[in-house]
Number of protein chains: 2
Amino acid sequence: MNLLDALGAVLDPPGLLTGAADLAPYLDDPITRARGEAVAVARPASTEAVAAVMAAAAAHGAHVTARGGGTGFVGGAVPGPGQPAIVLSLERMRRIRAVDAVGATMIAEAGVALAAAREAADAAGLQLPIVHGGAGSATIGGTVATNAGGLNVVKYGMARQHVLGLEVVLADGRIWHGLRALRKDNAGYDLKQLFIGTEGTLGIVTAAALALAPRPLARATALAAVASPEEALTLFGLLRRRLGDLVAACELIPRSALELHFARRPEARDPFATPHGYMVLLEVESPAEALDLEPLAEAALAQALEADIAVDVIVARSERERAELWALREGLAEAQATDPRVLKSDTAVPVAQTAAFVAEASRAVEALMPGAVPVPFGHIGDGNIHFNVLAPAAMATEDFLAHKARLAASIAEVSVALGGSIAAEHGIGRDKRDLLATVRGGVEHDLAAALKQALDPAGRLNPGKVV
Amino acid sequence: MNLLDALGAVLDPPGLLTGAADLAPYLDDPITRARGEAVAVARPASTEAVAAVMAAAAAHGAHVTARGGGTGFVGGAVPGPGQPAIVLSLERMRRIRAVDAVGATMIAEAGVALAAAREAADAAGLQLPIVHGGAGSATIGGTVATNAGGLNVVKYGMARQHVLGLEVVLADGRIWHGLRALRKDNAGYDLKQLFIGTEGTLGIVTAAALALAPRPLARATALAAVASPEEALTLFGLLRRRLGDLVAACELIPRSALELHFARRPEARDPFATPHGYMVLLEVESPAEALDLEPLAEAALAQALEADIAVDVIVARSERERAELWALREGLAEAQATDPRVLKSDTAVPVAQTAAFVAEASRAVEALMPGAVPVPFGHIGDGNIHFNVLAPAAMATEDFLAHKARLAASIAEVSVALGGSIAAEHGIGRDKRDLLATVRGGVEHDLAAALKQALDPAGRLNPGKVV
């Protein structure tokens, strides 16, 4: 029996795609333009079916690349080298198996859209505090496999913090039933960690037990104009000292990012009367309903104005005003997402080095490509500034594309020199695999290789990615 | 060259103990009465020395048991079977290498006392929110290796949540330099997870990069009398819905525990005029200094009284009153800690099952040992009720000791049947290793064994513990 027959024996008709037209969307990544080859796309609808697919793949030496929502930024969901390869899409495992409002937990299958999981948590009077741009079609499986970050990490942490347990199908087709919904569990090794953030290279996540957080019932949103990233970092420090863990988001917005947004959305208005070099979008929230957070936020920002840390402040006075402020932040990300003239970057540095990172990366980029426009925006509260770069106005797009890798490498170098990471939240995938080997070689690489050898000795799970 | 010579060549004189009297304290565990054998205690004062010790141990096939403060509850720091064995004490690695108040991180060596780390964080205007009974002599290394829990897990999570990076010496003596202080880092596998909560069986933690939290500047403490664990759980739910993540501690106190405390401390007073079957100690805190939490806590508790969830409430009005309430909670734990007539238990269940667990465990214990007194106390907010058991008044201590294992097994069985864990926070060590193999066998055991094989193929790191 060949591989396709073996898959056909364990999948229902909708569960197996083999025609070129059906396969195409799974082999082409519009974000990174990565392309891959596969003989089939398996779309099992149950954990048992996933296990059967994995067993068949093992028996036939097939490589398996798992796929969630296909919203990743590093080409992780497109098959790497090596045939025969199959894509294992979790799209038909879309059941939210349980929501426990008393215990504040949820069990969701891998194919559940993050947006759907967030809605279900909200309906139960709670929240799943993972918020990022891909949330429309990003799935729980991908969220877990990439240890997704987002806008609220400064308060809630990464996806890892919300995973209580996992159900995973291993390379050999066995199922690890680790779907426990316990907030405390020190009974043996914490095996779920093997499958969080490891991008489908050690096992296939089929379901997750998630911790839900209290829903924010009090909230305030504000925008502060600052002169530079140094002041933005100082502002964050002030807010953190005065407001502590009420700070749920703190986002740096440079003028260059705003202008990309305005170019795309001419109807958008500058929030301040005067253009400013940088702005910081702040959101504080608390699940305690009785709290009035506006006065608290205002008082903290007033102190910032008095100390000349901020030069102007807008506090949202209504849900509409809040939405407008967030539309800026979301718009500037969207404006860059598919623009080939913008290099996307995802590094992290220790929070205290954030301003130094922006300064040094700017110098490095200018030295390499005079006239390139830095677009450093993002999560100033957790050290993850996306140091994007807009091509010089006079440079042809093809020339810019040819130089992207060098630009990216120099930005990564700056971040590493400051004690940072070459991949803050988007992961490694295929795109950063070689770079990872150079910056985290030696013992680190050996440990990772040992894990890979232990869980996937034949190297069939998402080959060419991460390790 | 033999093992002792090899160790002598890499350690300074204070760093190597070989005499029986010097070794004795390291081979005897007063808490569990575990005993072990070793040919030497190595006390290296630097990471390089630890690496040299591990290399020497590897060359001579020596087993190595790491030791921190020796405050663990499962006999993990006493050498297991197999000779030659050495104890590797991290007690001389006591340096706090760095505190970054801007970035809110700390780098502390493994031998730093948790109390010292907490003081240093406090001095920097921040907090290391790991709070438990052993904090006097518990160390950072042990805290990481056991993934310590404690009183504030309901708000801050376990030790794992606070570890940003680690420096680890592996079985072969190589050093993994993973001491990164990043809040976001998805560059490859999260290798630090291999050494958190794995109790020294996969590597020796020599230093940790820790995330510090904002210091609580607003706080309120209260004690509520409730009729039963069911009401206690309902109360927790009410508090969580109204106060959200302001809830920093929520502790169940049964009358039986209070009486053990009063027996030991006759000067202690019952906080309420009427004795109550159960009480819940609540603490809310916020790092936002401007918040007045007393009215918030009072309003929530008033609602509880109105709804007949609580029958009486005391709100601490001063630091002294707060200290008195906490003295009760700490006293009841101390009263039981070294009492051989009290079986200590450390299971967890899904939060929603907490009351059911207390009820069913009580039934199971009564059936096995009529007259035994349940002492179910602890962390009602995270499902970790320590279902301790006091021997029947008429039973001789020796008889009780002979039956402890059966009692413990039946309590563990109840918790597992409710979807729980046999080791909520204290870990597995030697004491629960066999039980772990039975409740988490199969694929789970195979995965753990694969990790052990990958990192410690010769099985020399803390043998006889965990896996």
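Values in this document were obtained by computation on a predicted structure and should not be read as measured data.

1. Comments concerning the pairing of strand β8 (residues 163-169) of chain B
All names here are of chain B. Burial analysis of β8 places seven of its seven residues in the buried class, which makes it a mostly covered element. Pairing geometry for β8 and strand β10 (residues 204-211), over six bridges, is antiparallel. Opposite E167, over in β10, you have A207 as the bridge partner. Here four bridges tie β8 to strand β9 (residues 175-178), and the two strands are oriented antiparallel to one another. Bridge pairing links V169 to I175 in β9. Linking two consecutive strands that pair antiparallel, namely β8 and β9, is a turn of five residues; a positive phi of about 90° is found at G173 within it.

2. Thoughts on the sheet that holds strand β18 (residues 384-390) of chain A
All names here are of chain A. Read from one edge of the open sheet, seven strands run β15-β12-β14-β13-β17-β18-β16, paired in antiparallel fashion. The sheet is open, and its two borders are formed by β15 (312-315) and β16 (342-343), each paired with just one other strand. Direction of pairing for strand β13 (residues 247-254) relative to strand β14 (residues 278-286): antiparallel, over a ladder of seven bridges. Residue pairing for β14: L252 is matched across the bridge by V280.

3. Some points on the interface of chain B and chain A
Chain B puts 82 residues into the contact, and the matching count from chain A is 82 residues. Buried surface at the junction of chain B and chain A, both sides included, amounts to about 6300 Å², of which 62% is carbon and sulfur. The largest contributions to the chain B side of the interface with chain A come from K184, N186 and Y189 of chain B, which together make up 16% of the buried area. At the junction of chain B and chain A, the tally comes to 14 salt bridges. In this structure, the salt-bridge partner of D185 of chain B is R440 of chain A, at a minimum N-O distance of 2.9 Å. Along the contact surface separating chain B from chain A lie 36 residue pairs in polar contact (both at pLDDT 80 or more). Of all the elements in the fold, those that place two or more residues in the side of chain B that touches chain A are α6 (153-156), β9, α7 (229-243) and α14 (442-455) of chain B. No other element matches the 10 residues that α14 of chain B contributes to the side of chain B that touches chain A. Of the residues contributing to the side of chain B that touches chain A, the split by class is 42 nonpolar, 19 polar and 21 charged.

4. Brief notes about the relation of the copies chain B and chain A
Each copy of the sequence occupies a distinct position, and chain B is placed on chain A by a rotation of 180° and an axial shift of 0.0 Å, giving an RMSD of 0.0 Å. Here the two chains are linked by the operation of a two-fold rotation axis. With an isologous cut-off of 70% or more, the 100% of interface residues of chain B that recur at the interface of chain A puts this contact in the isologous class.

5. Quick word on the nonpolar core
Within the largest apolar cluster, 104 residues are counted, with the highest numbers of intra-cluster contacts made by F357 of chain A together with F357 of chain B. When residues no more than four places from it in sequence are discounted, the contact partners of F357 of chain A are T347, V349, I385, F387, I411, V414, S415 and L418 of chain A. Counting residues in each nonpolar core, the second largest holds 82 residues, with A108, L202 and I428 of chain A together with A448 of chain B among its members.

6. Considerations on the packing of aromatic side chains
Using the criterion set out here, one finds four aromatic pairs over all chains in the structure. Their ring planes at 75° and their centres at 5.8 Å tell us that F357 of chain A and F387 of chain A sit as a pair that is edge-to-face. Taken together, the residues F357 of chain A in helix α11 (residues 354-368) and F387 of chain A in strand β18 connect sequence positions 30 residues apart. The two residues F357 of chain A and F387 of chain A agree in class, both being buried. A ring pair is formed by W176 of chain B and F195 of chain B, whose centres lie 6.0 Å apart and whose planes are at 35°; its orientation type is tilted. Here F195 of chain B lies in the loop between β9 and β10 and W176 of chain B lies in strand β9, a separation of 19 residues in the sequence. Neither W176 of chain B nor F195 of chain B differs from the other in exposure class; each is buried. The ring of Y156 of chain A has K155 of chain A sitting right over it, with the charged end atom 5.4 Å from the ring centre.

Calculation rules
Residues numbered from 1 in each chain as written. Chains lettered and ligands numbered in written order. Predicted model: local features only at pLDDT ≥ 70, side-chain atom pairs only at ≥ 80, totals over all residues. Heavy atoms only, no water. Buried < 20%, exposed > 50% of the residue type's maximum accessible area, 1.4 Å probe, protein only. Helix = DSSP H or I, 4+ residues; strand = E, 2+ residues; numbered from the N terminus. Pairing = 2+ DSSP bridges. Contact = heavy atoms within 4.5 Å. Buried area = accessible area lost by both parts, 1.4 Å probe. Salt bridge = Lys/Arg side-chain N within 4 Å of Asp/Glu carboxyl O. Polar contact = N/O pair within 3.5 Å; in protein donor to acceptor, adjacent residues only side chain to side chain. Nonpolar A, V, L, I, M, F, W, Y, C, P; charged D, E, K, R; others polar. Least-squares fit on C-alpha atoms with pLDDT ≥ 70 in both. Core = buried A, V, L, I, M, F, W, Y, C linked by side-chain atoms within 4.5 Å. Phe/Tyr/Trp six-rings, centres within 6.5 Å; stacked < 30°, edge-to-face > 60°. Lys NZ or Arg CZ within 6 Å of the ring centre and 35° of its normal.

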